[in-house]
Amino acid sequence: MESGKTYLVLENYIGGQFVPCSSYLDSYDPSTGEVYCKVPDSGQEEIDAAVKAAQNAFPGWSSKSPQERAKLLSKLADLIEDDLELFAQAESKDQAGLISPWNLPLYLLTWKIAPAIAYGNTVIAKPSEITSVTAWMMCKLLSKAGFPPGVVNIVFGSGPKAGDALVSHPEVSLISFTGSTLTGQRIIERSAPYCKKLSLELGGKNPAIIFDDANLDECVPVSVRSSFANQGEICLCTSRIFVQRNIYHEFLRKFVEAVKKWKVGCPTDPTVDMGPLISKEHLAKVKNYIKRAKEEGAEILCGEGINGLDLPTRNQHGYFLLPTVITTIADDSSCMQDEIFGPVTCITAFDTEEEVIRRANGVKYGLAAVVWSRNVGRVHRVAKRLRSGLVWTNCWLIRDLNLPFGGMKASGIGREGAKDSYEFFTEIKTITIKHTEM
Ligand code: NAD
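Computed from a predicted structure; not experimentally measured.

Draft legend 1. Focus on the sheet that holds strand S5 (residues 34–40). The sheet built from three strands is open, its strands ordered S1-S5-S4 with mixed pairing. The open sheet has two free edges, formed respectively by strand S1 (8–9) and strand S4 (24–29), since each of these has just one partner strand. Both S4 and S5 contribute to a ladder of six bridges, which runs antiparallel. When the sheet's bridge partners are listed, Tyr24 is paired in S5 with Pro40.

Below you can see the structure in the form of structure tokens.
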């Protein structure tokens with residue numbers, strides 16, 4: 001770290017107060033590769049304090065009427081201009097631990113906090129150590145909106161330390177987690193001794209299936225966006241594109257032509273389509289997948305290793321990568337099986353409906369899929385047989401927050417959405433009262 005430079009220093013938000021931590025982690029600006037902020041490296045002690053604050057706040061918060069809780073959520077929603085109002089009706093139950101990833105740091109965190117507190121729980125949230133500033137800024141708005149101390153506690157820190165302390169805390173009975181499948185598996189193991197209630201939103205390896213009657217004028221630009229929006233760092237991004245053989249070459253030509261027009265650069269530049277990847281380590285991981293594909297005989301049509309990056313001087317050490325298109329790749333290659341979570345998409349040809357359903361389902365994940373066809377019967381047939389929690393037809397990323405959301409297979413357990421969140425964050429009790437004469 002450069003000496004003499006000043007950094008933004010974050011503090012945990014516990015019991016309505018900002019509390020300093022005894023040690024800190026460096027957080028990097030991905031567009032420059034420089035440290036720009038210090039994040040608390042919290043552990044057991046900080047998690048214990050947050051759980052205590054949440055327990056103290058629980059009796060008061062859970063006994064408020066749904067309308068009173070809704071009022072505060074609406075206030076917070078106004079302050080951050082978010083969707084929180086959707087959850088502002090309902091019942092109660094316990095201390096919830098909420099763990100979120102680095103991609104879409106505000107959206108994924110509020111999507112957990114809002115239903116949990118609307119239903120009367122008090123929460124301890126641990127955002128990703130890589131993108132903690134958004135959550136820290138939200139803490140200031142929590143106080144401003146008038147939430148009682150301890151209803152929402154935010155503890156910053158790494159997964160193995162702060163995250164693990166939260167997951168294995170005996171007084172936290174619900175864990176709602178969004179992140180990688182590997183961490184999800186670890187959370188299942190660590191919470192098993194307490195039989196905690198878990199909601200796990202995990203990784204994906206999402207297919208797009210393009211039949212020969214698809215409207216390519218719509219399909220090509222949407223498929224480019226579904227592959228590369230937010231650097232491909234959205235769990236719902238497409239990473240395998242299956243194209244029916246008789247339109248394969250036409251699709252490929254149009255797709256690559258459109259991808260090459262995407263401008264990669266500093267996210268503050270309004271003319272840019274794609275910014276940097278989240279971290280140095282993640283960039284190395286994504287590049288390694290491309291290298292492996294090449295070694296296995298795949299063809300890289302554009303992007304990494306083919307075209308050059310053109311970056312301003314101050315962004316030369318940022319974590320940038322060009323959108324990369326891979327073809328001639330086997331279904332069992334790691335690029336076609338593993339979640340890469342970056343701007344890399346593989347395109348392959350298929351002949352029949354039966355074949356493409358089998359191949360699209362041939363991965364361990366089942367989060368989201370897209371089907372492109374003007375044949376309504378086919379769209380319904382294929383969508384029904386895809387082992388995927390969500391299927392879009394002739395579009396991508398159109399969502400109504402009331403609809404259930406979540407994956408199948410290694411993509412998750414439990415679903416989110418208004419009704420599903422209600423079931424997760426509340427408890428149904430049976431109380432039998434026998435009246436006796438006194
Ligand atoms: P990650 O699993 O590395 O980390 C996610 C969170 O878990 C972070 O806050 C991290 O600190 C914490 N964590 C890590 N190890 C932990 C442990 N042992 N115990 C408790 N907490 C721990 O994931 P990431 O790299 O931050 O995010 C990318 C992943 O998230 C991708 O796999 C992506 O598909 C997935 N994701 C899924 C959805 C969905 O809705 N299904 C949405 C967004 C992201």
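Now that the structure is up, let's keep going.
Draft legend 2. Helix H12 (residues 376–385), seen in detail. Three or more residues of H12 are buried, namely Arg378, Val379 and Val382. Down the axis of H12, the sector holding all buried residues measures 100°, keeping them to one side. Seen from the buried face of H12, the exposed residues on the opposite side, beyond 90 degrees, are Val376, His380 and Lys384. Summarising the contacts, the buried residues of H12 are in contact with strand S11 (206–210), strand S12 (238–244), helix H11 (353–360), strand S17 (368–372) and strand S18 (390–393). The N-terminus of H12 is capped by Asn375, whose side-chain oxygen sits 3.0 Å from the backbone nitrogen of Gly377.

Draft legend 3. Fine view of the packing of aromatic side chains. For the structure on display, the rule yields 11 aromatic pairs. Between the aromatic rings of Phe18 and Trp136, the centroid separation amounts to 6.4 Å while the plane-to-plane angle is 65°, which identifies the pairing as edge-to-face. A residue pair is termed long-range when its members are at least 10 positions apart, and Phe18 in strand S3 (residues 17–19) and Trp136 in helix H4 (residues 133–145) qualify at 118 residues. With a relative accessible area of 30%, Phe18 lands in the partly exposed category. Pairing Phe228 with Phe255 gives two aromatic rings, centres 6.4 Å apart and planes at 45°, and the pair type is tilted. In this pair, Phe228 is assigned in helix H7 (residues 216–228) and Phe255 in helix H8 (residues 248–260), connecting sequence segments 27 residues apart. Comparing Phe228 with Phe255 shows no difference in burial state: the two are buried. In textbook terms, an aromatic cluster arises when at least three aromatic residues are bridged by ring pairs, as seen for Phe228, Phe251, Phe255 and Trp262.

Draft legend 4. Fine view of the nonpolar core. Counting 44 residues, the largest nonpolar core has Ile210, Leu236, Phe251, Phe255 and Ile347 as its most contacted members. Looking at this core, the elements with two or more residues in it are S11, H7, S12, H8, strand S15 (344–350), S17 and S18. Broken down by element, this core gets its largest block of residues, six residues, from H8. Counting residues in each nonpolar core, the second largest holds 37 residues, with Trp136, Leu141, Val151 and Val152 among its members.

Draft legend 5. Summary view of H8. Here H8 spans 18 Å end to end across 13 residues, near enough to the 18 Å set by a 1.5 Å rise per residue. Tyr248, Phe251, Leu252, Phe255, Val256 and Val259 are the residues of H8 that are buried. All buried residues of H8 lie within an arc of 120° about the axis, which places them on one face of the element. Away from its buried face, by an angle of more than 90 degrees, H8 presents the exposed residues His249 and Lys260. In this structure, the buried residues of H8 make contact with S11, H7, S12, strand S13 (299–302), strand S14 (324–327) and S15.

Draft legend 6. How the structure looks around the site of the ligand. As a structural note, the neighbourhood of the ligand is formed by 29 residues, with Glu129, Ser180, Thr183, Leu202 and Glu339 the closest of them. Separating an oxygen atom of the ligand from a side-chain N or O atom of Glu129 is a distance of 2.6 Å. Here an oxygen atom of the ligand sits 3.2 Å away from a polar atom, N or O, in the main chain of Gly159. About the coverage of the ligand: the protein hides 89% of its 850 Å² of free accessible area. In a pocket analysis with a 2 Å cut-off to the grid points, the ligand is assigned to the largest pocket. Mapped by element, the contributors of at least two residues to the shell around the ligand are helix H5 (159–167), strand S9 (174–178) and helix H6 (181–191).

Draft legend 7. Spotlight on the domain arrangement of the chain. Structurally, the chain comprises domain 1 (8–201) and domain 2 (206–433). On a C-alpha basis, the centroid separation for the pair domain 1 and domain 2 is 28 Å. At the junction of the two partners, domain 1 supplies 38 residues and domain 2 supplies 41 residues. Of the roughly 3,100 Å² buried between domain 1 and domain 2 on both sides combined, carbon and sulfur atoms contribute 62%.

About the thresholds
Residues numbered from 1 in each chain as written. Predicted model: local features only at pLDDT ≥ 70, side-chain atom pairs only at ≥ 80, totals over all residues. Heavy atoms only, no water. Pairing = 2+ DSSP bridges. Helix = DSSP H or I, 4+ residues; strand = E, 2+ residues; numbered from the N terminus. Buried < 20%, exposed > 50% of the residue type's maximum accessible area, 1.4 Å probe, protein only. Arc of directions from axis to C-beta. Contact = heavy atoms within 4.5 Å. Polar contact = N/O pair within 3.5 Å; in protein donor to acceptor, adjacent residues only side chain to side chain. Phe/Tyr/Trp six-rings, centres within 6.5 Å; stacked < 30°, edge-to-face > 60°. Core = buried A, V, L, I, M, F, W, Y, C linked by side-chain atoms within 4.5 Å. Expected span 1.5 Å × (residues − 1). Near = heavy atom within 4 Å. Areas by Shrake-Rupley, 256 points an atom, 1.4 Å probe, with all protein chains shown as cover. 1 Å grid on protein atoms, 1.4 Å probe; cavity = no way out; pocket = protein on both sides within 12 Å on 5 of 7 lines; lining within 4 Å. Sits in = over half its atoms within 2 Å of the grid points. Domains from an automatic or database assignment. Buried area = accessible area lost by both parts, 1.4 Å probe.

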